[in-house]
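As a plain string of letters, each chain reads:
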Amino acid sequence: MRLFGPLVALGMVSCAPAVELAVPPAAPMPAIPTDGPVAPDTPLVPPLRYEEGPPSEGFSEDADFRVSGPPLSQSLLPPQDKVHSFVFANGLHAIVVERRGFPMVAARLVIDTGSALADDVGGRRAFLLGATFLHPLERVIQTTGACSVQGCVVTSRGLSKQFGEVLARIAKLVSGVSVDASVYERRLANAARLYDQAETPLVRNIRALMFGSSDRDGEPPPPEVPTLSALEDLRNRTFVPSAATLIVVGDTTESAVRGELDKTFAGWSGPTIPRATPTEPPLPKGPRIVLSRNGAIGQLWCSIVARGPSLHARDFPAVLLLTQILGGKLDSALFHHVRESLGAAYSVGARVDWYRDASVVALTGSFDRDNAMTGARGLLNAIEAAREIEASADDLARAKTAVVAEMRHAASTDEGIAARLGAEALLGLRPEASQARPLLVQAVSAAEVRAAARRYLDPQALRVVLVGKPEFVAVAQSLGLGAPVLTDRFGRPLPPQGPAQASAPPHL
Amino acid sequence: MAMRVQPGCWRLVARAKGFAVFFAGVTLCGQALADGRISIPPVERYRLKNGLRVALAPDPSLDETSVTVHYDVGSADDPPGKEGLAHLVEHLMFDGSRHVGQGDYARWIARAGGVNVNGTTSLDGTNYVATVPATGLSVVFWLESDRMGFVADRLNPQIVQTEKGLIRDEMRDKILDRNLGIVGPAGWTQLFPQGHPYGRNQLYTGLADCTLDDVRAFLRTWYSPANAVVSVAGGFDVASVHALIERYFGDLPSVEPPRRPDLPSGSGVHDVRIDAGAGIPHDIVTFMWTAPAIGEPDDAALDLAAAILSDPEGRLQRDLVRTGLAVDVSARESSWRRLSVFWISAVLADGAASEDVVRAIDRAVGDMAVVVRQEEYERARDEWFDTLMLRLETPAYRAFRLAQPWPSESPWDLNKYDDFDPAELSGAVRSNLTPDNRVIVVVHHDNRYPGQGVVLHREARQR
């Protein structure tokens, strides 16, 4: 195997000034009670064999087949399952993928909430909408529902002979069947309490930095929890068949789906709502680096983020490969440089998340105190290397194989196929788009990957989100992106001398 | 060829023609439920001459193929003072071997189209997993056999030092910086009988003292074909895989693993309560009980009991969440080969008193010890079956499951939770979830200890 090109360069490239900082020493491992009933010198386990055993006879550890690895095969494309697509009488769009190997069916209904949640900064109303109305009405196995600013998703699955029941579970949740109002009140109250912890501060700060902490008119989110009646009004306006796509994957047929739709969804109706028009919002004029104060974690969570293209863009396959080369798998630049060479982080990697009209490319690591500066710089260095040095043929081939393998893997289960088609339906993409994607990935050149890096990972476009204790401000300052703005877990700026979190232990 | 029928299995007592060179014996285990819910092709199990156990689950309906290599050694086998050694060895298995350079393992797997590549260390065992197209199996077998036989050849003190640092990071990442993760270590050491290898804390306090010599000795002692299982599941050609496994693993030298000492029995605790503080957003109350090992009487019944208690519309939700005492509550049984642990955990609502939550959990468990309703059992049973179906759709779960030395009547245990009488469930709760068999951990929100895990405040034996 050839050496990984960008990896070699990583040690030579830096976009951050070298600043000596006084970082406190790493905290010792915490004190956990060890004085329990187990005596440490009790012979709990067999002793290890420290002595070398006798050599094996008639065995060659260097046989030819051991010295050189087996030949590699061509990368395999995902299987092309037959896809049926039609519109039901009430306007519900249906996609059916027939797979007959395993006697299960996965169903997923996605609702494009259009512009109804476009002003839902932070996604709280969406979260409450899903948690209140898409929670299964009774204990229903493998049925889940949730909403985000992208839209709502309800999933169910079961044995193929239970297909009617699988669809009925979904229909029951979205078609306005009510339970006692007190149940919805209870769910809303509980969901309002859970919202704070529903996403990590890293995710919320990234979204705030990439899309703003106010809506597109500059308005901050309303502070009060919406009432149940306001949420019911939102549900009635958005849970309508013309805005929904039902995906059914598994051991069934198109005609069976049509028959069950007649039984389960025929009574569902509602007005047509306009689809949101994808328009890429401008990058907010926020800070380039934030430190979200969080005293509860010992590590520094660090993400270098940048806005990427939408899934509709021509260069999105190149961004997929760029992300893979940077930090997609165990063979990536970040894994080898930041984790294995520097030993700076156990968790490190890169990913791209797609939203309706843009994507976010993120390189992320969790660093111990004494590795935080090295690790954060390692992330920046990896980006710089990707911009400056074209990936080697071997790196690119491996990345292509890996990206296509992930697509193949995602297409290996009913649930995986339904999830992909559902996510893409919310983005306005047709099933053919994902079927064509592996070929588009395989056609990307190293120059196109580098061009994507130069376009989307421009130093001026990069933003840094740190989550950790205030003392990590020194690390933030060392990255050369200016003084960090302190934020709360939602990405809202804190006053410069804001009060620390409650310091008095309330119970002891 | 003589055959006799076992429950769900065809055992070929004589050697199969054509495979006699390879196999000491072959077992084919099919699974087709009486009610016809699902049928999965038979599983083949055999041993190589060096003792390596092989399990094959071919299924032409699956597009991918997964491999699990299981070593029958886990963190419970860490020598005293070397806690963390099994996990350290797992990390080092990815750092190259005699014929695979450092970093090349991942490159080979990537070029073979591998996904879900990972290693995991539990109390009982260590697993290495990968999923590839069938065309990539030879690469996986080559890599796995090279590290099974020769991983020690490429080790050095620097690599060991780096991986020790990464494991400390991993502990912070997965345990110390996670709300519920920190609860376990606080009560763990109190839970098991004296001398039980599960009873040491799981934060690897001996890691710093693990040396390269310890790593080599651990490999020599435990990482041998005779102490390993290779399982393959998915869409592959069986004859080709027979030949590949023989080629890559068949002549690896092997030594018998040592016998483990008998373990102390009984409970390690008598109603212990631990109060601790941590920089967490909400207080957490956790009950832990020791429970019968996997496959022992009451183990399956307690699985179902946990599912009933976790029901989103069930007892704990009714008594804790709906009453405003907690924002989240869950129950589960973690089953291991030598003992299990039953957990109930509640994340308290703002302003709720931990004493009220402790009483509510006590009451819910007490009620369940009296009666379990038929419909509660049926929902729990159906949930287990449905979850199993979700997993069995993937070759990764099939391979992983086949590699585990769990006692089971059939390869997939499709019927494991059928035909229970609800009274058996309440009986299992009554027998096992008793006050004299538990630890209660109350971790208070306490910002004096941000990011430092759990800090013990007081400990009391309640009787």
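Up top you'll find the structure we're talking about.
Basis of the calculations
- Residues numbered from 1 in each chain as written.
- Chains lettered and ligands numbered in written order.
- Predicted model: local features only at pLDDT ≥ 70, side-chain atom pairs only at ≥ 80, totals over all residues.
- Heavy atoms only, no water.
- Helix = DSSP H or I, 4+ residues; strand = E, 2+ residues; numbered from the N terminus.
- Buried < 20%, exposed > 50% of the residue type's maximum accessible area, 1.4 Å probe, protein only.
- Contact = heavy atoms within 4.5 Å.
- Areas by Shrake-Rupley, 256 points an atom, 1.4 Å probe, with all protein chains shown as cover.
- Pairing = 2+ DSSP bridges.
- Axes fitted to C-alpha atoms, helices over the stretch in contact; angles between N-to-C directions.
- Buried area = accessible area lost by both parts, 1.4 Å probe.
- Salt bridge = Lys/Arg side-chain N within 4 Å of Asp/Glu carboxyl O.
- Polar contact = N/O pair within 3.5 Å; in protein donor to acceptor, adjacent residues only side chain to side chain.
- Nonpolar A, V, L, I, M, F, W, Y, C, P; charged D, E, K, R; others polar.
- Core = buried A, V, L, I, M, F, W, Y, C linked by side-chain atoms within 4.5 Å.
- Phe/Tyr/Trp six-rings, centres within 6.5 Å; stacked < 30°, edge-to-face > 60°.
- Lys NZ or Arg CZ within 6 Å of the ring centre and 35° of its normal.
- Disulfide = S-S within 2.5 Å.

**A look at the overall build of chain B**
- Within chain B, the secondary structure is distributed over 13 helices and 15 strands.
- Counting all 463 residues of chain B, 65% fall into the buried class.
- Within chain B, residue pairs in contact and separated by at least 24 positions form 79% of the contacts whose partners lie at least 6 positions apart.
- Here chain B displays about 15,800 Å² of accessible surface, and carbon together with sulfur accounts for 50% of that area.

**Remarks on the overall build of chain A**
- On a plain count of helices and strands, chain A comes out with 16 helices and 12 strands.
- Looking at chain A as a whole, 54% of its 508 residues qualify as buried.
- Taking contacts inside chain A between residues at least 6 apart in sequence as the whole, the part at least 24 apart equals 81%.
- Carbon together with sulfur atoms contributes 55% to the accessible area of chain A, which is approximately 21,300 Å² in total.

**With respect to the sheet that holds strand 9 (residues 345-354) of chain A**
Residue and element names in this part refer to chain A.
- Taken in spatial order, the six strands line up as 9-10-8-11-7-12 in an open sheet, and their pairing is mixed. The sheet is open, and its two borders are formed by strand 9 and strand 12 (485-487), each paired with just one other strand. This sheet shows a mean twist of 20° between the axes of neighbouring strands, independent of strand direction.
- As paired elements, strand 8 (residues 300-308) and strand 10 (residues 359-367) share nine bridges and run antiparallel to each other. Considered in strand 10, the bridge of Val305 is made with Ala362.
- Helix 11 (residues 372-388) rests against strand 8, strand 9 and strand 10 of the sheet, and its axis sits at about 150° to strand 10.

**Considerations on the interface of chain B and chain A**
- Across the contact, 123 residues belong to chain B and 107 residues belong to chain A.
- Counting the surface chain B buries against chain A, the share from its top three residues, Arg107(B), Arg111(B) and Glu393(B), is 9%.
- Our enumeration of links across chain B and chain A arrives at nine salt bridges.
- Between Asp368(A) and Arg172(B) there is a salt bridge, with the nearest N and O atoms lying 3.2 Å from each other.
- In this assembly, chain B and chain A are joined by 25 residue pairs in polar contact (both at pLDDT 80 or more).
- Residue classes in the side of chain B that touches chain A are distributed as 48 nonpolar, 33 polar and 42 charged.

**Looking at the nonpolar core**
- Phe141(B), Tyr223(B), Val232(B), Ile245(B) and Phe249(B) are the most contacted members of the largest nonpolar core, which has 65 residues in total.
- In terms of residue count, the dominant contributor to this core is helix 3 (residues 137-150) of chain B (eight residues).
- When near neighbours in sequence (up to four residues on either side) are disregarded, Phe141(B) contacts Val67(B), Val230(B), Val232(B), Val241(B), Leu244(B), Ile245(B), Tyr248(B) and Phe249(B).
- Counting residues in hydrophobic clusters, the runner-up holds 58 residues, among them Ala345(A), Leu379(A), Ala452(A) and Leu466(A).

**So, the packing of aromatic side chains**
Residues and elements named next belong to chain B.
- Going through the model one piece at a time under the given rule, you end up with 21 aromatic pairs over all chains.
- Judged by centre distance (5.8 Å) and plane angle (80°), the ring pair of Tyr71 and Tyr128 falls under edge-to-face. With Tyr71 in strand 6 (residues 65-71) and Tyr128 in strand 8 (residues 126-132), this residue pair connects regions lying 57 residues apart in the sequence. Comparing Tyr71 with Tyr128, the two get one shared label, buried.
- Across the ring face of Tyr248, the terminal group of Arg247 is positioned such that the distance to the ring centre comes to 5.7 Å.

**Here we look at the state of the cysteines**
Residue and element names in this part refer to chain A.
- On inspection of all chains with the given rule, the structure shows one disulfide over all chains.
- Cys147 shares a disulfide with Cys152; S-S distance 2.1 Å. Between Cys147 and Cys152, the S-S torsion sits near 105°, and that sign places the bridge as right-handed.
- The exposure class of Cys147 is buried, given its relative accessible area of 10%.
- Overall, Cys152 belongs to the buried group, its relative accessible area being 0%.

Shape descriptors only; they carry no functional weight alone.
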